[in-house]
Amino acid sequence: MYRNFAIVPQIIFGRGCFNQLDDILRAKRSADGFVVFILDDVFKGAPLEGRVPLHDRDRIIHANVDDEPKTTLIDSLVEQIKGYGAGQPDGIVGIGGGSILDIAKAVSLLLTNPGSSADYQGWDIIEIPGIYKVGIPTLSGTGAEISRTAILTGPEKKLGINSDYTLYDQIVLDPELVSGVPKDQWFYTGMDCYIHDVESLAGTFINQFSKAYGEKSLEMCQQVFLEDHDDAADKLMMASYFGGMSIAYSQVGACHALSYGLSYVLGVHHGIGCCIAFDQLEEFYPEGVKEFRQMMEKHQISLPRGLTASLSDDDMELMITTALNLEPLWENCLGGNWRELMPRDRARKLFERM
Ligand SMILES: NC(=O)c1ccc[n+]([C@@H]2O[C@H](COP(=O)([O-])OP(=O)(O)OC[C@H]3O[C@@H](n4cnc5c(N)ncnc54)[C@H](O)[C@@H]3O)[C@@H](O)[C@H]2O)c1
Ligand SMILES: [Fe+2]
């Protein structure tokens with residue numbers, strides 16, 4: 001069976017296109033309605049905050065992403081919005097990196113679907129469309145702007161709310177918005193995209209659809225991280241989108257599976273976690289890892305080491321279980337007999353190197 005999948009229906013791209021946000025929202029505003037802007041708190045008091053097209057009843061929520069999004073955060077934001085007593089908003093607008101993009105998606109869904117966001121971690125559990133939602137990335141690489149998931153850490157697991165309803169109704173891709181990102185963060189999140197491409201292209205699920213997007217995304221990442229281009233920010237923003245489109249119809253692989261283990265047990269963030277894992281995966285992705293190291297050298301990035309050195313045995317077991325539970329990722333990487341090829345002690349050895 002082939003998957004019949006939805007994508008984001010409205011996209012605006014270009015330097016300064018953020019200025020058209022008011023026009024975009026106008027069509028969705030009701031007479032007495034309001035829009036909620038969920039803004040990364042890194043922009044509190046910054047020029048970008050002043051450019052948010054606020055109308056009288058609108059609200060801005062400054063969300064902190066020092067920790068990656070938790071289901072408890074989503075539930076409290078939903079309560080906060082309901083607490084305004086103004087009914088449902090006309091729209092939710094997320095402005096930030098992958099974390100904020102996922103927070104805004106989940107809040108939109110939980111305003112219309114009953115219960116806790118933790119109830120919806122999984123595949124196609126959401127039954128009711130969310131509030132109209134707009135995603136505006138300020139950091140490029142995760143592909144969260146185009147994906148059908150909102151990744152959340154819940155009481156029992158780190159797992160996305162995966163559904164067609166999770167997709168944004170509109171995305172605003174303005175490469176000017178990424179200008180203030182610290183260099184290390186720019187690199188880690190950019191490598192998330194590069195690794196999406198490598199894992200998609202090297203995987204057993206590869207097909208011409210994913211290859212078309214993955215190859216172009218990889219080429220743009222190579223230009224951004226190994227060459228010097230004035231329009232590098234534009235390239236990386238489109239590479240992120242294309243990388244997301246590539247994995248939408250294939251899958252990621254070993255690196256993402258292992259990084260989920262690091263993240264769940266040690267709280268390591270997604271981009272840097274992928275870099276730490278990828279650096280140990282020469283046996284799976286020899287060309288990709290070689291090129292990744294060239295990119296690290298060019299940008300003088302050094303990764304933390306010895307993360308798992310003082311881990312208790314229980315924590316190591318939990319890390320291995322978390323990683324190996326991601327069955328489709330391993331199947332994409334190693335094929336149908338992946339369980340024989342990736343026994344627990346092989347996964348343990350990989351973690352021990354990190
Ligand atoms: N939904 C998906 O398909 C998907 C895919 C991959 C990752 N993710 C999720 O995305 C998150 C990671 O996202 P990320 O790597 O984009 O990082 P992030 O959103 O966690 O942000 C990282 C840091 O960069 C800061 N930042 C963002 N934009 C900035 C700017 N323009 N200027 C200065 N600082 C800025 C943030 O405040 C934060 O401190 C994780 O929670 C991960 O689970 C989701
Ligand atoms: Fe990723």
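Each remark here, short or long, concerns the structure printed above.
Residues numbered from 1 in each chain as written. Chains lettered and ligands numbered in written order. Predicted model: local features only at pLDDT ≥ 70, side-chain atom pairs only at ≥ 80, totals over all residues. Heavy atoms only, no water.

Some points on helix α10 (residues 286-298)
- The end-to-end C-alpha distance of α10 is 19 Å, a good match for the 18 Å that 13 residues give at a rise of 1.5 Å each.
- Once α10 ends, the next one or two residues include Gln 300, with phi positive near 50°. (Helix = DSSP H or I, 4+ residues; strand = E, 2+ residues; numbered from the N terminus. Expected span 1.5 Å × (residues − 1).)

Some details on the site of ligand 1
- Gly 98, Ser 99, Thr 138, Ser 147 and Thr 189 are the nearest of the 26 residues found near ligand 1.
- Take Ser 99: an N or O atom from its side chain is 2.6 Å from an oxygen atom of ligand 1.
- At 2.8 Å, a side-chain N or O of Asp 102 approaches a nitrogen atom of ligand 1.
- Calculation on ligand 1 without its partners gives an accessible area of 870 Å², and the protein chains cover 90% of this total.
- At the level of secondary structure, the elements contributing two or more residues to the shell around ligand 1 comprise α4 (98-112), β7 (149-153) and α5 (183-202).
- In terms of residue count, the dominant contributor to the shell around ligand 1 is α4 (4 residues).
- Considering only residue class, the shell around ligand 1 consists of 10 nonpolar, 11 polar and 5 charged. (Near = heavy atom within 4 Å. Polar contact = N/O pair within 3.5 Å; in protein donor to acceptor, adjacent residues only side chain to side chain. Areas by Shrake-Rupley, 256 points an atom, 1.4 Å probe, with all protein chains shown as cover. Nonpolar A, V, L, I, M, F, W, Y, C, P; charged D, E, K, R; others polar.)

With respect to the coordination of the iron ion (ligand 2)
- The iron ion (ligand 2) binds to the protein through Asp 192 (OD), His 196 (NE2), His 256 (NE2) and His 270 (NE2), with metal-donor distances spanning 2.0 to 2.2 Å.
- Of note is the iron ion (ligand 2), whose 4 donor atoms meet at the metal with angles of 85 to 169° in an arrangement that counts as irregular.
- As a motif over one chain, the donors of the iron ion (ligand 2) read D-x3-H-x59-H-x13-H. With His 256 in helix α8 (residues 254-266) and His 270 in helix α9 (residues 270-278), this pair connects stretches of sequence that are 14 residues apart. For the residue pair His 256 and His 270, the accessibility class agrees, reading buried in each case. (Donors = N, O, S within 2.8 Å, 3.2 Å for Na, K, Ca; no water. Tetrahedral: all angles 85-135°; square planar, octahedral: opposite > 155°, others 65-115°. Buried < 20%, exposed > 50% of the residue type's maximum accessible area, 1.4 Å probe, protein only.)

Some words on the pairing of strand β2 (residues 35-40)
- Counting buried positions along β2 gives 6 out of 6 residues, so the element sits mostly inside the fold.
- The alternating pattern of β2 places Val 35, Phe 37 and Leu 39 on one face and Val 36, Ile 38 and Asp 40 on the opposite face, and all of these are buried.
- The pairing of β2 with strand β3 (residues 59-63) spans 5 bridges and is classified as parallel. Within β3, the residue paired with Phe 37 across the bridge is Ile 60. (Pairing = 2+ DSSP bridges.)

What to know about the sheet that holds strand β4 (residues 91-96)
- Pairing is parallel across the open sheet formed by 6 strands, whose spatial order is β1-β9-β6-β4-β2-β3. Edge strands, defined here as strands with exactly one partner in the open sheet, are β1 (10-13) and β3. Pairwise comparison of adjacent strand axes, ignoring direction, gives a mean angle of 15° for this sheet.
- For strand β6 (residues 133-137) and strand β9 (residues 170-173), the ladder comprises 2 bridges, and the chain directions are parallel. Bridging across to β9, Val 134 finds its partner in Gln 170.
- Its contacts with the sheet place α4 against β2, β3, β4 and β6, and it is angled at close to 165° to β4.
- Where helix α7 (residues 232-248) meets the sheet, its contacts fall on β1, β6 and β9, and the angle it forms with β9 comes to roughly 155°. (Axes fitted to C-alpha atoms, helices over the stretch in contact; angles between N-to-C directions. Contact = heavy atoms within 4.5 Å.)

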